[in-house]
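# Inside the fold
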Amino acid sequence: MDNSQFTIKYHSQLEKSEFVLEVAPISDEFTVIDLIKDAKIQLNELVNQNIFTGFKILKITGRLPLPIAYLFAHEFQHFFSTIAVYYPQNNVYVITNSTDPNYHIGDSINPITNEKIAVKSSEKEAFTAHTSGDILYVDCTVGIKEGNLLAKEVNEKIDRLIENKEIKGGKLLKINGKSSVLTSFIIAHKVCHLYANILVFDPKINGYVTVIRHGGEYAIGNFIPENLSLNTSKKIVIGGNANRGKTLIKDVLRIVLSQYLDNKNYYLVSGCPDGDGAWYNQLCQNNLTLARQLKDKYKASFTLEFAHNKAQEIRNINNPLLIFDVGGKTINNQLTPENEIIMAQATHAIIIGADEAEITIWRDSCQALNLKIIAEIITKTESGKDTFEVKNDIFTGTIHQLQRGNNIVGSIVLNKLAEYLVI
C-alpha cells in the first residue's frame, strides 16, 4: 500500500536537456513536518535510480510548501546546472540558480521553448533581509513586483549579506519571516552550503523545521518549537456564500495591509482547500483560462480531517493579525461541520454577501460562535458606486465589479477596510 503524503511526478525531454518535476501534497491534511520527511525519502529514491544524468535544466512546478522549497533547492543543485521554478502569475519559469552562462538568476523563460523573455524593469522594493544571532529574518511582499525582478532583488540582497559577513556560516541558521516559493529557492541556493543545519519557521506549526542537513545536529524534518508568549492575536475569518469574492478580498488585503503593518505583524492563509493560492488573482488578470485550469488541478477535498488540521494550524499561528477565509457551502442556512470547526478558532469575522439576506445567515452563525463581527461587505459584479461607513463599530461597505480578472487593489472600500482592521 502506498503511504506517500507528497507526490513527485516527472518527465524529461532529452532533446531539450530538461527534466520537469511536478510536485504537490497528496492532501492538505498533513503537516509540513510529515510532508518534508516523505519528500526527502522520495528524493533519495530518485537519486538512487540515477535518473537525473544527462540533463542540464530542472523545471519545478506544482504546489510546494515553503520548507520543502529549501529542501529541493539544496538537493537538486547538485545534479543540474540550471534550476527554474514555475511562476504561474505570468505563466513563465524563473531561473533561481544557474552555472550555465546562457541563463542567469532572475531570467524568465518560456515554459515550452525555454527561450528567455524580456520583461519590464521596476524600482519597487519587495524584499528585505537581516540577521540577528542565528536567525535570518526575511520579508517578502507578494504582488508588487514581477517574479523575475523579485528573484534578482533577493539574489543581490542575500549576496550582500554574505559579502558583509552578516551571513557567515556555522552550525545553525534559522530562517524566519514571509517569503514565497521563488524567493525560498534562491535563499536556499545561497546559504545551503554555509551551515550544518538550516531550519525554516512555519507559523502553521509554530516552530522551525529542519530543511537542510550537512552532518549537523538535526535531521530533515526535526522540529524546534518557537518560544512565544501567550497568544493574543486577532484572528479574523472571512465568511460568506460561495463565489462572493472572499478569497479575492483576502488576497487584496494581503497587499494593501503592507501600507499599515510590517509583514511580520500580519499573516493570511486559506481555510479551505480550493486550490487558489496567492498567485491566483494576478494570473486571473493575465490568463483567466489557465488560472481556472490550475485551480481545478490543485483543488482538494474538504474533509473533517482537513478541518481539524486547519483548525490546529490557526491555533498555532501567533502573528498579531491573522486573516483566513473559509468555504462558502452551507446546509439549510447553517454552517457545515467543517466550517464550524475552522471558524471556531477565530476571534473576529468579516462577512461577505450578495445582499442582506446572505449577510444575515453568516451573521447569525458568527454570533453563535461568539465571534465579534468587524465588517460586513456586500459585493456585486455589476458597475456602481462603492460606498462604506462605520456604524456601531462595524465597517460596512458595498463593492462593485468584484470578479476574478479585475484589479481591485485600488478599491477605496478595501483600502479603508485595511486601515480599519489595524486600529
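Structure: see above.
Structure report, in brief. All values reported here derive from a predicted model rather than from experimental measurement.

## Things to note about the pattern of salt bridges
Considering all chains together, one arrives at 15 salt bridges under this definition. Across the salt bridge formed by Asp159 and Lys190, the nearest N and O atoms sit 3.1 Å from each other. In this pair, Asp159 is assigned in helix H3 (residues 147-163) and Lys190 in helix H4 (residues 181-191), connecting sequence segments 31 residues apart. We note a salt bridge from Asp251 to Arg254, for which the minimum N-O separation is 3.4 Å. Here Asp251 pairs with Arg254, and both are found in helix H5 (residues 246-256), just 3 residues apart, close to one helical turn. Just as Asp251 is buried, Arg254 falls in that class too. Several salt bridges share partner residues, and in doing so they unite Glu125, Lys145, Glu153 and Lys157 into one network.

## Considerations on the environment of Val92
Note on placement: Val92 falls in strand S5 (residues 92-98). The class of Val92 is buried, set by a relative accessible area of 8%. Residues within four places of Val92 in sequence aside, it is in contact with Val85, Tyr86, Tyr87, Ser108, Ile109, Pro111 and Ile117.

## Things to note about the packing of H5 against helix H11 (residues 412-421)
It is the contact of H5 with H11, at a shortest axis distance of 10 Å, that shows an interaxial angle of 65 degrees. When the interaxial angle is binned, H5 and H11 end up roughly perpendicular. Considering only the axes of H5 and H11, their crossing is right-handed. Residues Ile249, Val252, Leu253 and Val256 of H5 form the contact with H11, whose own contacting residues are Leu414, Asn415, Leu417, Ala418 and Leu421. Classifying every residue of the contact of H5 with H11 by side-chain character gives 8 nonpolar, 1 polar and no charged.

Quick notes on the rules
- Residues numbered from 1 in each chain as written.
- Predicted model: local features only at pLDDT ≥ 70, side-chain atom pairs only at ≥ 80, totals over all residues.
- Heavy atoms only, no water.
- Salt bridge = Lys/Arg side-chain N within 4 Å of Asp/Glu carboxyl O.
- Helix = DSSP H or I, 4+ residues; strand = E, 2+ residues; numbered from the N terminus.
- Buried < 20%, exposed > 50% of the residue type's maximum accessible area, 1.4 Å probe, protein only.
- Contact = heavy atoms within 4.5 Å.
- Axes fitted to C-alpha atoms, helices over the stretch in contact; angles between N-to-C directions.
- Parallel < 35°, antiparallel > 145°, perpendicular 65-115°, else oblique.
- Left-handed = near helix turned anticlockwise from the far one by under 90°.
- Nonpolar A, V, L, I, M, F, W, Y, C, P; charged D, E, K, R; others polar.

The values are spatial; any link to function lies outside them.
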